[in-house]
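Listed below, chain by chain, are the residues.
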Amino acid sequence: MENFRLHIPTDIRFGKDRLGELPEALAPFGKKVLLTYGGGSIKQSGLYGKVLDLLVEGGFEVVELSGIEPNPRIESVREGARLIKEHQLDVILAVGGGSVVDASKVIAAAAYYDGDAWDLVLDSSKIGRAVPIVDILTLAATGTEMNSGAVISNLETKEKLGTGGLQLIPRVSFLDPTLTYTVSKWQTAAGTADMLSHLFEQYFNRTEGVDVQDSLAEGLMKTAIKHGPVAIKEPENYTARANLLWTSTLSLNGLVGRGRNGGWTCHAIEHELSAYYDITHGIGLAILTPRWMAFCLDNDSTTHAKFAAYGRNVWGISGNDDETVAREAVKKTYDFFKQDMEIPMTLPEVGIETKELVPEMSQHAVRNGGLDGNTFVPLSVRDVETIILNSFQEMTF
Ligand code: NZQ
Ligand code: ZN
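Residues numbered from 1 in each chain as written. Chains lettered and ligands numbered in written order. Predicted model: local features only at pLDDT ≥ 70, side-chain atom pairs only at ≥ 80, totals over all residues. Heavy atoms only, no water.

1. Structural notes on the overall build of the chain
Here is step 1 of the chain: The secondary structure content of the chain amounts to 15 helices and eight strands.
Here is step 2 of the chain: With respect to the principal axes defined by its C-alpha atoms, the chain has extents near 65 × 45 × 45 Å.
Here is step 3 of the chain: Long-range contacts, defined here as pairs at least 24 residues apart, represent 77% of the contacts in the chain between residues at least 6 apart.
Here is step 4 of the chain: Averaged over its 36 positive side-chain charges, the chain has a centre that lies 2 Å from the centre of its 52 negative ones. (Helix = DSSP H or I, 4+ residues; strand = E, 2+ residues; numbered from the N terminus. Contact = heavy atoms within 4.5 Å. Lys, Arg positive; Asp, Glu negative; His and termini not counted. Charge placed at Lys NZ, Arg CZ, Asp CG, Glu CD.)

2. Quick notes on the pairing of strand 7 (residues 159–164)
Here is step 1 of the chain: The buried fraction of strand 7 amounts to five of the six residues, a majority that puts the element mostly inside the structure.
Here is step 2 of the chain: What sits between the antiparallel neighbours strand 6 (residues 149–154) and strand 7 is a turn of four residues, in which lysine 158 has the positive phi angle 55 degrees. (Buried < 20%, exposed > 50% of the residue type's maximum accessible area, 1.4 Å probe, protein only. Pairing = 2+ DSSP bridges.)

3. Some words on the sheet that holds strand 3 (residues 61–65)
Here is step 1 of the chain: What the six strands build is an open sheet, ordered 1-8-5-4-2-3; its pairing is parallel. A single partner strand is all that each edge strand has here, and the edge strands are strand 1 (11–14) and strand 3. The average angle at which neighbouring strand axes cross in this sheet is 15 degrees, direction not considered.
Here is step 2 of the chain: Running over the sheet, helix 4 (residues 74–87) touches strand 2 (32–37), strand 3 and strand 4 (91–96) and is turned about 160 degrees from strand 3.
Here is step 3 of the chain: Across the sheet, helix 5 (residues 98–110) is in contact with strand 2, strand 3, strand 4 and strand 5 (133–137); its angle to strand 4 comes to roughly 165 degrees. (Axes fitted to C-alpha atoms, helices over the stretch in contact; angles between N-to-C directions.)

4. Considering the site of ligand 1
Here is step 1 of the chain: By nearness alone, 31 residues border ligand 1, and Ser41, Gly98, Ser99, Thr138 and His198 come closest of all.
Here is step 2 of the chain: Separating an oxygen atom of ligand 1 from a side-chain N or O atom of serine 99 is a distance of 2.5 Å.
Here is step 3 of the chain: Protein contact buries 87% of the 960 Å² of open area that ligand 1 shows by itself.
Here is step 4 of the chain: Class assignment for the residues of the shell around ligand 1 results in nine nonpolar, 19 polar and three charged.
Here is step 5 of the chain: Each of two domains, domain 1 (11–180) and domain 2 (185–391), supplies a minimum of three residues to the shell around ligand 1. (Near = heavy atom within 4 Å. Polar contact = N/O pair within 3.5 Å; in protein donor to acceptor, adjacent residues only side chain to side chain. Areas by Shrake-Rupley, 256 points an atom, 1.4 Å probe, with all protein chains shown as cover. Nonpolar A, V, L, I, M, F, W, Y, C, P; charged D, E, K, R; others polar. Domains from an automatic or database assignment.)

5. Description of the coordination of the zinc ion (ligand 2)
For a metal with four tetrahedral donors the ideal donor-metal-donor angle is 109.5 degrees, while six octahedral donors give ideal angles of 90 or 180 degrees.
Here is step 1 of the chain: Looking at the metal site, the zinc ion (ligand 2) is ligated by Asp194 (OD), His198 (NE2), His267 (NE2) and His281 (NE2), spaced 1.9 to 2.2 Å from it.
Here is step 2 of the chain: All donors to the zinc ion (ligand 2) come from one chain, and their sequence spacing reads D-x3-H-x68-H-x13-H. Of this pair, histidine 267 sits in helix 10 (residues 266–277) while histidine 281 sits in helix 11 (residues 281–299), placing them 14 residues apart in sequence. (Donors = N, O, S within 2.8 Å, 3.2 Å for Na, K, Ca; no water.)

6. Some thoughts on the pairing of strand 8 (residues 172–175)
Here is step 1 of the chain: Residues Val172 and Phe174 point to one face of strand 8 and Ser173 and Leu175 to the other, with burial holding for every one of them.
Here is step 2 of the chain: By the bridge criterion, four bridges tie strand 1 to strand 8 in an arrangement that is parallel. Opposite phenylalanine 14, over in strand 8, you have leucine 175 as the bridge partner.
Here is step 3 of the chain: With four bridges joining them, strand 5 and strand 8 adopt parallel strand pairing. Of the residues in strand 8, the one forming a bridge with aspartate 135 is serine 173.

7. Here's the deal with the UniProt feature "domain: Fe-containing alcohol dehydrogenase-like C-terminal" (unreviewed entry) in the chain
Here is step 1 of the chain: Look at the UniProt record and you will see "domain: Fe-containing alcohol dehydrogenase-like C-terminal" (unreviewed entry) annotated at residues 188–390.
Here is step 2 of the chain: End-to-end, the C-alpha atoms of residues 188–390 are 25 Å apart, and along that stretch the chain is 67% helix and 0% strand. (UniProt positions renumbered as here; feature names shortened; annotations may be inferred.)

8. Describing the domain arrangement of the chain
Here is step 1 of the chain: The domains assigned to the chain are domain 1 (11–180) and domain 2 (185–391).
Here is step 2 of the chain: A straight line from the C-alpha centre of domain 1 to that of domain 2 covers 27 Å.
Here is step 3 of the chain: At the interface, 27 residues of domain 1 touch 24 residues of domain 2.
Here is step 4 of the chain: Buried surface at the junction of domain 1 and domain 2, both sides included, amounts to about 2,200 Å², of which 60% is carbon and sulfur.
Here is step 5 of the chain: Applying the counting criterion to the domain 1 and domain 2 interface returns one salt bridge.
Here is step 6 of the chain: Two residues, arginine 73 and aspartate 278, come together in a salt bridge whose shortest N-O distance is 3.2 Å.
Here is step 7 of the chain: Applying the counting criterion to the domain 1 and domain 2 interface returns six residue pairs in polar contact (both at pLDDT 80 or more).
Here is step 8 of the chain: Mapped onto the side of domain 1 that touches domain 2, the elements with two or more residues apiece are strand 1 and strand 7.
Here is step 9 of the chain: Tallying contributions element by element places strand 7 first for the side of domain 1 that touches domain 2, with three residues.
Here is step 10 of the chain: Its residues placed into classes, the side of domain 1 that touches domain 2 shows 13 nonpolar, seven polar and seven charged. (Buried area = accessible area lost by both parts, 1.4 Å probe. Salt bridge = Lys/Arg side-chain N within 4 Å of Asp/Glu carboxyl O.)

9. As for the packing of helix 4 against helix 5
Here is step 1 of the chain: Two numbers describe how helix 4 lies on helix 5: the axes approach to 8 Å, and their chain directions differ by 45 degrees. As far as their axial angle goes, helix 5 and helix 4 are oblique. Regarding helix 4 and helix 5, the two cross each other, and that crossing is right-handed. Judged by residue contacts, Ser76, Val77, Gly80, Ala81, Ile84 and Lys85 of helix 4 engage Ala103, Val106, Ile107 and Ala110 from helix 5.
Here is step 2 of the chain: Its residues placed into classes, the contact of helix 4 with helix 5 shows seven nonpolar, two polar and one charged. (Parallel < 35°, antiparallel > 145°, perpendicular 65-115°, else oblique. Left-handed = near helix turned anticlockwise from the far one by under 90°.)

Okay, here's the thing in structure tokens:
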């Protein structure tokens, strides 16, 4: 296990009927609030009205930034920073999914930055002071509610890039599973795929002796695999929604990833699909992941043991031959996404019909994600092309 630092200052308020705590949670940061949200789901669910009532009753001054996009765009970030500067706001209250929270994080830093907000996405070392963030999360997926990262898109330059800083970690996160009841089947499936992918990205790694992190990852994977399909069939099943929500938070708050050394793979490739085609992050990951797993097994026999451990410990596959167990585990993963989570598992089904941009996206993925460096299996541009091209048709086993 490597040396590590894990600093998570987020005050988690998990469970139902806790919204009354909001004024007390916000108060230490000031009275002037930037309320950020997305395209309207919080108005449809009635959450917006409840939050606003609490803020008004509590004597808070509220300025709103609405319409933050899924795959949040730099234009929204610029607008949020402008509002904070203009109205001298003290704190951001982000109400929504990962996109709203991510945009709020970069807004928080951009409010104290003199240049263009995109600089902070290109170079996280430029992130200095930041406005504190409190959030009310409405979708289980990203883990942004307890971590320092944010992912922002620039459609002009066709870039979707991650940035982050300790100053951006939310100070208080309200995690109420009942707020996720209205999440669509599609977004529930995408969210489940996203949390699983976060676990895969950290678990398929070469650092030795990380038994704590590996067993946490396997337990969290099993939990997502158990409760994802229940939430699809019974959207108001509290136990399923609660377990998914807490799994998503724990999957990317550092518990699983710290103490290891090595980069991620599928996220860098998916971020290119989203940058060029604006597809749903978790759906792109579900499509790419089994192809990446199969690529690893086909091209690097030293990966067989770890994939076999995944097969045995997560899927309960028996057998002594690592490669056989590993290949069965890839099939289980694929079938889970396709059958249990009802995800269309080819790129044409999500609107990526032609192949001409594959070389460009592959080049960018390798460059932006450092995929040819310290990843589980280093990938060349040609390798990434193969993985994306294999995602155009159904997998056969
Ligand atoms: O915009 P509204 O109207 O709110 O609708 C949203 C949006 O259309 C809707 N939604 C959210 N909560 C809902 C709901 N609909 C009904 N009921 C609710 N309770 O769902 C749609 C998707 O929302 P979004 O916030 O985009 O989803 P998610 O939480 O999956 O966030 C995805 C973004 O996070 C980034 C992704 O790349 C993507 O841009 N990521 C952030 C990470 C991080 N900060 O650590 C890590 C991840 O790997 C990921 O890259
Ligand atoms: Zn993700």
